[in-house]
Amino acid sequence: MDLPFNQLLNIASIREHIMVPVGLIFGITLLGVIFKNVIHQRLKKLAKRSNSEVDDIIISTIEPQIVFWFFLFGLTVGLKDLPITDQYVMYISKVLNILLIGSITLAVSKLVIGLFELWSKQQGGGFPSTTIFINIVRITIYTIGFLIILDTIDVSIAPMLTA
């Protein structure tokens, strides 16, 4: 589906080959906004009514990522319809994977830290330096996410893990 540059300048060609992917990206992102404002808000209300604080932590961890994840999904779907070479599709897909892994890493970090803070609060005042543990957990999760990103871009992480 590669188009020569002079054909890309044709307005009809732009509308035909670019507007569909842009519409998909916009539409799927809009679905993400609707999901966040309707379904996620209902889940948040249900979580507030429960006795457990764990579901509140999970809901609040996912909330800032919802629209971004839908946007990335829209880009992935829209990318398939763009008139670009497979080589560029591969590069763009890797960037999208890196963004997704980074976003998931942030969400997992917030989730684990939230659960750790909840656990330490339930234990009472026995942990005076939870900040140190939180920072160690955060660094560990970010390091694992970074290693997964390096593996995604085909950088061998085995030597780093054995060193």
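Residues numbered from 1 in each chain as written. Predicted model: local features only at pLDDT ≥ 70, side-chain atom pairs only at ≥ 80, totals over all residues. Heavy atoms only, no water.

J.: Can you break down the overall build of the chain residue by residue, with the values?
T.: In terms of helices and strands, the chain carries 7 helices and 0 strands. Ordered by position from the N terminus, the helices and strands of the chain form the series α-α-α-α-α-α-α. A buried classification covers 25% of the 163 residues belonging to the chain. Considering only intrachain contacts with a sequence separation of at least 6, the fraction spanning at least 24 residues in the chain is 72%. Working note: accessible area of the chain is about 10800 Å², and carbon and sulfur atoms make up 69% of it. (Helix = DSSP H or I, 4+ residues; strand = E, 2+ residues; numbered from the N terminus. Buried < 20%, exposed > 50% of the residue type's maximum accessible area, 1.4 Å probe, protein only. Contact = heavy atoms within 4.5 Å. Areas by Shrake-Rupley, 256 points an atom, 1.4 Å probe, with all protein chains shown as cover.)

J.: Give a detailed account of a nonpolar patch on the surface, specifying residues and quantitative values.
T.: A cluster of nonpolar residues, Phe-26, Leu-30, Leu-31, Val-33, Ile-34, Val-38, Ile-39, Leu-43 and Leu-46, forms a patch on the protein surface that exposes about 780 Å² of accessible area. Examined against the element boundaries, Ile-34 turns out to sit in helix H2 (residues 11-49). (Patch = residues over 30% accessible without salt bridge, like charges linked within 9 Å, V, L, I, M, F, W, Y side chains within 5 Å. Salt bridge = Lys/Arg side-chain N within 4 Å of Asp/Glu carboxyl O.)

J.: Help me get a handle on the packing of helix H5 (residues 86-123) against helix H6 (residues 130-152), residues and values and all.
T.: Interaxial distance between H5 and H6 falls to 9 Å at its minimum, and their mutual angle equals 160°. Accordingly, the angle class assigned to the pair H5 and H6 is roughly antiparallel. Pair H5 / H6 crosses with right-handed handedness. Residue composition of the contact of H5 with H6, by class: 14 nonpolar, 8 polar and 3 charged. (Axes fitted to C-alpha atoms, helices over the stretch in contact; angles between N-to-C directions. Parallel < 35°, antiparallel > 145°, perpendicular 65-115°, else oblique. Left-handed = near helix turned anticlockwise from the far one by under 90°. Nonpolar A, V, L, I, M, F, W, Y, C, P; charged D, E, K, R; others polar.)

J.: Lay out the side chain of Gln-65 in plain terms, naming residues and giving numbers.
T.: Within the secondary structure layout, Gln-65 lies in the loop between helix H3 (54-62) and helix H4 (66-79). Gln-65 sits in the buried class, given a relative accessible area of 10%. Gln-65 has contacts with Ser-103, Leu-106 and Ala-107, leaving out every residue within four places of it along the chain.

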